[in-house]
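# Descriptive structure summary
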Amino acid sequence: MSSSSIGRMFVVTNFGESHGPAVGCVIDGCPPQMPLTEADIQKELDRRKPGTSRHVTQRKESDTVHILSGVYEGKTTGTPIALVIYNEDQRSKDYGAIAHQFRPAHADWGYWAKFGIRDPRGGGRSSARLTAPTVAAGAVAKKWLAENLGITVRACVTEIGNMPLVFDDWSHVNENPFFAPNNTQIEELENLLDATRKSGESLGARLRLEVLGVPAGLGNPVYQRLDANLAQALMGVNAVKGVEIGDGFAASRLTGTQNADAMTPEGFETNHAGGILGGISSGAAIVANVAIKPTPSVRLPLKSLDEEGNPVDVVTIGRHDPCVGLRAAPVLEAVAALTIMDAALVQRAQCGNFGLEYPA
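What you see is a predicted model, and the numbers here were worked out from it, not measured in a lab.

### Describing the sheet that holds strand β11 (residues 240-245)
- Strand order across the open sheet formed by five strands is β9-β8-β10-β16-β11, with antiparallel pairing between neighbours. Across the chains shown, the open sheet's two edge strands, defined by having one partner strand only, are β9 (163-164) and β11.
- Summarising the sheet, strand β8 (residues 152-160) and strand β10 (residues 205-212) pair through eight bridges and their orientation is antiparallel. When the sheet's bridge partners are listed, Ile160 is paired in β10 with Ala205.
- Contacting β10, β11 and β16 (286-292), helix α5 (residues 226-235) runs over the sheet at an angle of about 155 degrees to β11.

### A few points about the pattern of salt bridges
- Under the criterion given, the structure shown has 17 salt bridges.
- For Arg118, the salt bridge identified is with Glu307, shortest N-O distance 3.5 Å. Residue Arg118 is located in the loop between α2 (108-115) and α3 (131-149), and its partner Glu307 is located in the loop between β17 (302-305) and β18 (311-314); the two are separated by 189 residues in the primary sequence.
- Here Arg208 makes a salt bridge to Glu210, at a shortest N to O gap of 2.9 Å.
- Classification of Arg208 as partly exposed rests on a relative accessible area of 26%.
- Connected through salt bridges with shared partners, the residues Glu44, Arg47, Lys142 and Glu333 form a single ionic network.

### Some words on the packing of helix α1 (residues 38-48) against α3
- In the contact formed by α1 and α3, the axes pass within 8 Å of each other and the chain directions differ by 135 degrees. Between α1 and α3, the angle falls in the class oblique. For α1 against α3, the interelement crossing comes out right-handed. Listed contacts from α3 to Asp40, Ile41, Glu44, Leu45, Arg47 and Arg48 of α1 are Thr131, Ala132, Val135, Ala136, Ala139, Val140, Lys142 and Lys143.
- By residue class, the composition of the contact of α1 with α3 is seven nonpolar, one polar and six charged.

### Some details on the sheet that holds strand β2 (residues 11-16)
- Reading across the sheet, the five strands line up as β1-β2-β3-β7-β4 and stay open at both edges, with antiparallel pairing between neighbours. Each end of this open sheet is capped by a strand with a single partner; those strands are β1 (5-6) and β4 (65-67).
- When strand β3 (residues 22-28) meets strand β7 (residues 81-86), the two strands line up antiparallel, connected through six bridges. Residue pairing for β7: Val26 is matched across the bridge by Ala82.

### Comments concerning the pairing of β2
- The side-chain alternation of β2 yields one buried face, formed by Val12, Asn14 and Gly16, and one unburied face, formed by Val11, Thr13 and Phe15.
- Inspection of the sheet shows β1 paired to β2 by two bridges, in the antiparallel sense. Considered in β2, the bridge of Ser5 is made with Thr13.
- From the end of β2 to the start of β3, which pair antiparallel, there are five residues.

### Regarding the nonpolar core
- Ranked by size, the top nonpolar core spans 78 residues in total, and within it Phe10, Ile27, Ile41, Leu83, Ile160 and Ile340 carry the most contacts.
- No other element matches the 13 residues that helix α7 (residues 329-351) contributes to this core.
- Beyond its immediate stretch of four places on either side in the chain, Ile41 contacts Leu36, Val65, Ile67, Leu83, Ala136, Ala139 and Val140.

### Some points on the side chain of Asp63
- Along the chain, the position of Asp63 falls in the loop between α1 and β4.
- One polar contact links Asp63 to Arg129, side chain to side chain, over a distance of 2.7 Å.
- Filtering out sequence-adjacent residues up to four positions away, Asp63 remains in contact with Gln42, Leu45, Arg48, Lys49, Pro50, Ile85, Arg129 and Ala132.

### Re unusual backbone geometry
- You will see that Glu73, though not glycine, has its phi angle at about 50 degrees, which is positive.
- Counting through the fold element by element, Glu73 comes out in the loop between β5 (71-72) and β6 (75-76).
- In this model, Phe179 sits at a positive phi of 50 degrees, which is unusual for a non-glycine residue.
- Along the chain, Phe179 turns up in the loop between β9 and α4 (186-199).

Cut-offs used in this document
- Residues numbered from 1 in each chain as written.
- Predicted model: local features only at pLDDT ≥ 70, side-chain atom pairs only at ≥ 80, totals over all residues.
- Heavy atoms only, no water.
- Pairing = 2+ DSSP bridges.
- Helix = DSSP H or I, 4+ residues; strand = E, 2+ residues; numbered from the N terminus.
- Contact = heavy atoms within 4.5 Å.
- Axes fitted to C-alpha atoms, helices over the stretch in contact; angles between N-to-C directions.
- Salt bridge = Lys/Arg side-chain N within 4 Å of Asp/Glu carboxyl O.
- Buried < 20%, exposed > 50% of the residue type's maximum accessible area, 1.4 Å probe, protein only.
- Parallel < 35°, antiparallel > 145°, perpendicular 65-115°, else oblique.
- Left-handed = near helix turned anticlockwise from the far one by under 90°.
- Nonpolar A, V, L, I, M, F, W, Y, C, P; charged D, E, K, R; others polar.
- Core = buried A, V, L, I, M, F, W, Y, C linked by side-chain atoms within 4.5 Å.
- Polar contact = N/O pair within 3.5 Å; in protein donor to acceptor, adjacent residues only side chain to side chain.

Take a look at the structure:
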């Protein structure tokens, strides 16, 4: 049964393993005549790729994308777009000692229990390496959404470990290695990540995602709700353990009048709903908050079992992010773009329009 594809109209199928020859994806359903080059995709991959600072995995990958099909003379043809990213810096020997052990909090046991076989090298298919093709596909969706609907997708880190980040301005997010929305906590964050890396530990993170300019009317009631599809896509990202749309859990502490987003001729006064009502976009900004667990591969001993059921202490060597959430912003943006792109094409097919202008 297929489980590596997302979307109904804009379908993306992801393939590859962390230490295989390559990772990549096939995009089926991209509208024709859109200008598209490898450079359009590369700029997003460069935001996600490893080795960009001392605070993330030092695996050296250029993440160079190659377009194999679906583009002719610089424009999409409407046929499947195949994208491939060759792996360049695998160190499979780092995983020899744990090839027959299960890392706690990792996908090792789940894969073994389901398939009876697993690829232990770098986590195989469960590796965050597989977010690279997702970002590549998301770059295509982002471009179409921006050019055709004026939609902007952005994300930032709001908390690392127990350290909340002050929101100053979105302009700071791509100017530091933490995707932090300020420039006043960078030294403090550097010290935190340096200490975490040296200790052999890891940290989790929280991020905020916003999609601006989404017209009202995208999504459907009941089984294809836009918020449900978005939450599913975000939960499909490695290490994500929680997703809130709008106020999320905080909404349970509000009264009905407090939670209501009053409608005025100028637009909604508030956005507790996070831009989605009844499973359909309202025209307000779509907002989600995402929680990411600590990287499960750590250099400190953890109690576990081997494949024979014997107790073992697992120590994971190799190159791992002390906080995998630091590179999550481009990935969350990508899956959000894929979700909104698919909903936009479904809306166009079903209703032939993209909703009302009101309320903005």
